[in-house]
Amino acid sequence: MKAIFKEHEGEGMEMKEVPEPTNPGPDEVIVKVKRVSICGTDVHIYNWDEWAASRIKPPIIVGHEFAGEIVEKGEAVQGLEVGDYVAAESHIYCGHCYQCRTGRAHVCQNLKILGVDVDGAFAEYIKIPARILWRVSPEIDPNYASVMEPFGNAIHTVTVEDLTGRTVLITGAGPIGIMAIQVAKVEGASLVIVSEVKDYRIELAKRNGADVVINPMEKDLIKEVKKLTSGEGVDAFFEMSGNADAFRQGLESLTPGGMASVLGVFHGDSVCFDINNLLTFKGIRMYGITGRRIFETWRIADQLLKSKRVDMSKVVTHVLPFEEWRKGMDLMRKGQSGKVVLEVS
Ligand code: NAD
Ligand code: ZN
């Protein structure tokens, strides 16, 4: 079968022929992959940045966002059948650690990530533990089922607290930021302000329903946010850029007693900010967001897509044949896309 492979340390990836997976273990399934989508993580692995160099042990098949059909199952697998239409939680949780046993499997102590720690989904077939699969509603287009995993990140970040009638700032209009705009609207936010620095993504944020999009390189974001909120600042701040300035600007833009949900991953040294004035005395609540609430965010993702309350056609900007994966990777590297989906079968 064809697979996108990180063969060696250093920049790049290759598409090559590899053996198809066979013989699922008792708790495993084999899925025929229909669609995969490219994540920022795959771009990091392609670029071989500091994070990738410290974490990835080539050779490995990359990719963790996909949708497909079960073609074989192990004898102990229950609740899933051959022919089921599925997507997968990329976090392979152990199921027996303290966190897993107390409803917090997204912070499992023995977490393995698909396409990072074990062979991933950029392939025609994948063999994986059945427990990470989500059965997708048949009404959902496979192009959108493929992006349910990052969609779950957006849902997790946005739904920590009730948003009804609240004003919101989202920093970063990457694929997850633009999904978050739509989720915030569905959740009842009264105003969604977005900050973004790239022209393509400023347009994308507008197309996804942002009320106001501000480029913080051109305007004073904090002043603009105050103007738009009668001088109060926003009630909720969602950090989705991984940029330290954006993080600090978001906290400055927040009203005292407000809440911040931080999804962005910051590279290099830790981020400095004025804890006294931006956290403690401001009395805000700050949430660290990793992965998805398993499987609560999957349930919400499925319902929002099935009911078309979220329009994923505004998020998936490119659907390309599997063989054109390099083109997709380039678009992602340049920030000239929303989600890029590859048609595998
Ligand atoms: P992305 O890198 O495609 O999007 C980030 C966006 O932020 C880009 O469009 C970029 O132009 C913009 N940006 C950069 N500097 C900015 C600034 N100063 N102000 C405003 N915008 C700025 O990433 P994505 O795939 O949409 O993911 C969003 C973030 O979430 C990333 O940091 C990613 O690493 C992180 N992430 C975290 C998890 C998790 O489990 N915590 C999972 C997936 C992704
Ligand atoms: Zn665990």
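Structural notes, computed from the coordinates. (Residues numbered from 1 in each chain as written. Chains lettered and ligands numbered in written order. Predicted model: local features only at pLDDT ≥ 70, side-chain atom pairs only at ≥ 80, totals over all residues. Heavy atoms only, no water.)

A few points about the sheet that holds strand β14 (residues 234-239)
So, step 1. Here we have 6 strands laid out as an open sheet, ordered β13-β12-β11-β14-β15-β16, and parallel in their pairing. Strand pairing shows two members of the sheet lacking a second neighbour, β13 (212-214) and β16 (285-288), which therefore form its edges. Pairs of neighbouring strands in the sheet enclose a mean axial angle of 20 degrees, with direction left out of account.
So, step 2. Note that β14 and strand β15 (residues 254-262) share 5 bridges and pair parallel. Paired with Glu-239 across the two strands is Val-262, which belongs to β15. (Pairing = 2+ DSSP bridges. Helix = DSSP H or I, 4+ residues; strand = E, 2+ residues; numbered from the N terminus. Axes fitted to C-alpha atoms, helices over the stretch in contact; angles between N-to-C directions.)

Considerations on the coordination of the zinc ion (ligand 2)
So, step 1. Coordination of the zinc ion (ligand 2) by the protein is provided by Cys-94 (SG), Cys-97 (SG), Cys-100 (SG) and Cys-108 (SG), with metal-donor distances spanning 2.3 to 2.4 Å.
So, step 2. Within one chain, the residues serving as donors to the zinc ion (ligand 2) are arranged as C-x2-C-x2-C-x7-C. Of this pair, Cys-97 sits in the loop between β7 (91-92) and α3 (98-101) while Cys-108 is found in the loop between α3 and β8 (112-113), placing the two residues 11 residues apart along the sequence.
So, step 3. Residue classification places Cys-97 among the buried residues on the basis of a relative accessible area of 8%.
So, step 4. On the accessibility criterion, Cys-108 (7% relative accessible area) is buried. (Donors = N, O, S within 2.8 Å, 3.2 Å for Na, K, Ca; no water. Buried < 20%, exposed > 50% of the residue type's maximum accessible area, 1.4 Å probe, protein only.)

What to know about the side chain of Ser-261
So, step 1. Within the secondary structure layout, Ser-261 lies in strand β15.
So, step 2. Contacts of Ser-261, omitting those with residues within four sequence positions, involve Thr-157, Val-160, Phe-237, Phe-238, Glu-239, Tyr-287 and Ile-289. (Contact = heavy atoms within 4.5 Å.)

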